[in-house]
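Breakdown of the fold
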Amino acid sequence: MKLLVIHGPNLNMLGIREKKIYGAQTYEDLLEYIRQICAREGIEVKFYQSNHEGDLVDAIQGAYYDQMDGIIINPGAYTHTSIALLDAVKAVQIPTVEVHLSNIYEREEFRHTSYISLGCIHSYYGMGFQGYEEAVNCLKNYWNS
Ligand code: DQA
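In this report, we go over the structure that sits alongside the text.

Topic: the packing of aromatic side chains
The way to describe two aromatic rings as a pair is by their centre distance and the angle between their planes. Tallying each qualifying case throughout the model produces three aromatic pairs. Judged by centre distance (5.5 Å) and plane angle (55°), the rings of Tyr-33 and Phe-129 are tilted. Of the two residues, Tyr-33 sits in helix α2 (residues 27–41) while Phe-129 sits in the loop between β5 (122–125) and α5 (130–144), which places them 96 residues apart along the sequence. For Phe-129, a relative accessible area of 11% translates into the label buried.

Okay, here's the thing in structure tokens:
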């Protein structure tokens, strides 16, 4: 199984940005956490991060041409604004799971809308790094069903 994990703007700043919300662990720590889960499960994993909306659309489209079996996406602030990212996940028809470190539904009103969720098989939020493990398990169950 081949999995692409996509991160949007400012997630490369984990460990520096708003530590009270996102914690002290770095983006590299997060990748290592996901790498270990995937190694244990025998899943091949690739990572992509960009601060640019169009590049994220390109990465989602690329997953189609690379025949990825699943996508985990934390689009950062583009979650709340980007119909282009929603259209991209709908276009590629690859099972996609949305993850947010924080609980977007208990934060500012403008974070309560998630466009990407409309194209995802499941969403995890407010669980920190563990949300990514849940997302991997969710895809595993999807693949095995
Ligand atoms: C986030 C939540 C978003 O609202 C925010 O813009 C982020 C991170 C999260 O992981 O909690 O950049 O996606």
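Considering the side chain of Ser-50
Relative to the helices and strands, Ser-50 is located in the loop between β2 (44–49) and α3 (53–65). Of the polar contacts made by the side chain of Ser-50, one reaches the side chain of Asp-55; its length is 3.5 Å. If near-sequence neighbours (up to four positions away) are discounted, Ser-50 is found in contact with His-7, Gly-8, Pro-9, Asp-55 and Leu-56.

Criteria and thresholds
- Residues numbered from 1 in each chain as written.
- Predicted model: local features only at pLDDT ≥ 70, side-chain atom pairs only at ≥ 80, totals over all residues.
- Heavy atoms only, no water.
- Phe/Tyr/Trp six-rings, centres within 6.5 Å; stacked < 30°, edge-to-face > 60°.
- Helix = DSSP H or I, 4+ residues; strand = E, 2+ residues; numbered from the N terminus.
- Buried < 20%, exposed > 50% of the residue type's maximum accessible area, 1.4 Å probe, protein only.
- Polar contact = N/O pair within 3.5 Å; in protein donor to acceptor, adjacent residues only side chain to side chain.
- Contact = heavy atoms within 4.5 Å.

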